[in-house]
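Spelled out from the first residue to the last, the chains are:
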Amino acid sequence: MNTATWRKNFRRSLFIVSAAISALLLSVSVASAGWGQPSGITEEAERMHTLYLIVTASAAVVFVLVEVALVYIIFRYRKRSDELPPQTHGNNLLEVVWTSIPILIVIGLFVSAFVVLVDVEEDADPEALTIDVTGFQFQWEFAYNLNDLGPGSDPNADGTVSVIGTAANQPTLVIPVGEPVEFRLISNDVIHSFYIRDFLYKLDVVPGRDNRFTVTPKQTGEFIGQCAEYCGVDHEAMRFKLHVVERDEFDRYIADLQGGGSGNASARLP
Ligand SMILES: [Cu+2]
């Protein structure tokens, strides 16, 4: 094989390899957009997940266009001889185009992220069920105020019922499906973080600070949660379960707690 043929083959292989790598990276990014993040179980999570897909897909499109342009230009304008090619300086139209497209993309991403953020951080309807979540070294307490159990609850009802976890007995947080649930996060010792993966959301539990958030679960089931802020030697013991149930089941659960039940929900819930 002479040198010219060898070079030609080498260039061709290089082109094929880079095209293959670009295609591989594209499929990995598109695939991980679908599989990389769980889609979540709340209406808020659904919006965040959609935003995530939009951002990842835009990044994938930009990546492929840039790579294709790069590879094309490298081959098309490679050095062919010692003769200097025609020299050009500047192209106003091209410069305006390649400056405005990225600006438009950034504005688009900013606006869509801002809309989702405002939506996710929106305060709960005052009627919504409110649960006091207290993080302590090293477990959680979930307290339900009897006068704040969601629409239709008795405003004059007195007292709270609560479930307190221990390292040996993980507590279960029970919430109704299809209605907004507000969590009020309380800590009297150090900073914890209230994290349920399938909410796609996590909020710190800071002493002296009134941190809250609201979610509307859209499917029933059993999920897991944990403290996500290293808060001391037994931090890992701060795990808990989440049960999303139908409203009537939730009402039965609260009535049972009121009747002196232990709050070991898994024993009673399907
Ligand atoms: Cu903690």
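Residues numbered from 1 in each chain as written. Predicted model: local features only at pLDDT ≥ 70, side-chain atom pairs only at ≥ 80, totals over all residues.

A. Local environment of helix α3 (residues 92-120). Its 29 residues give α3 an end-to-end C-alpha distance of 42 Å, which sits within 8% of 42 Å, the value for a rise of 1.5 Å per residue. In terms of burial, α3 is largely open, as just 0 of its 29 residues are buried. (Helix = DSSP H or I, 4+ residues; strand = E, 2+ residues; numbered from the N terminus. Expected span 1.5 Å × (residues − 1). Buried ≥ 20, exposed ≤ 12 C-beta atoms within 10 Å, placed from the backbone.)

B. Expanded view of the sheet that holds strand β5 (residues 181-187). Reading across from one edge, β3-β2-β1-β5-β8 is the order of the 5 strands in this open sheet, with mixed pairing throughout. Looking at strand neighbours, the two that pair on one side only are β3 (160-164) and β8 (211-215), the edges of this open sheet. Shown here is a sheet whose adjacent strand axes are inclined to one another by a mean of 25°, direction ignored. With 6 bridges connecting them, strand β1 (residues 129-136) and strand β2 (residues 139-145) associate as antiparallel partners. By the bridge assignment, V133 is partnered in β2 with F142. (Pairing = 2+ DSSP bridges. Axes fitted to C-alpha atoms, helices over the stretch in contact; angles between N-to-C directions.)

C. Quick peek at the environment of V177. By the secondary structure assignment, V177 is in the loop between β4 (172-176) and β5. A count of 19 C-beta atoms within 10 Å places V177 in the partly exposed class. For the pair V177 and T216, spaced 39 residues apart in the sequence, the C-alpha separation amounts to 7.2 Å. Every residue in contact with V177, bar those within four places of it in the chain, is listed here: P217, K218, Q219, T220, V244, V245 and E246. (Contact = placed C-beta atoms within 7 Å.)

D. Representation of the packing of helix α2 (residues 43-76) against α3 in the model. Contact geometry of α2 with α3 gives a least axis separation of 9 Å together with a crossing angle of 170°. With respect to α3, the axis of α2 lies roughly antiparallel. Between α2, through E44, R47, M48, L51, I54, V55 and S58, and α3, the contact on the second element is made entirely by I105, L109, S112, A113, V116, D119 and V120. Residue composition of the contact of α2 with α3, grouped by class: 9 nonpolar, 2 polar and 3 charged. (Parallel < 35°, antiparallel > 145°, perpendicular 65-115°, else oblique. Nonpolar A, V, L, I, M, F, W, Y, C, P; charged D, E, K, R; others polar.)

E. How the structure looks around the sheet that holds β4. If you walk across this open sheet you meet the 5 strands as β4-β10-β9-β6-β7, and the pairing is mixed. Edge positions in the sheet fall to β4 and β7 (201-205), since each has one partner strand and no second. Between one strand axis and the next, the sheet turns through 25° on average, direction left out of account. In the sheet, strand β6 (residues 192-196) pairs with strand β9 (residues 221-227) via 3 bridges, with the strands oriented antiparallel. Residue pairing in the sheet places F194 in a bridge with C227 of β9. Sitting on the sheet, helix α4 (residues 247-258) touches β4 and β10 (239-245), and the angle it makes with β4 is about 135°.

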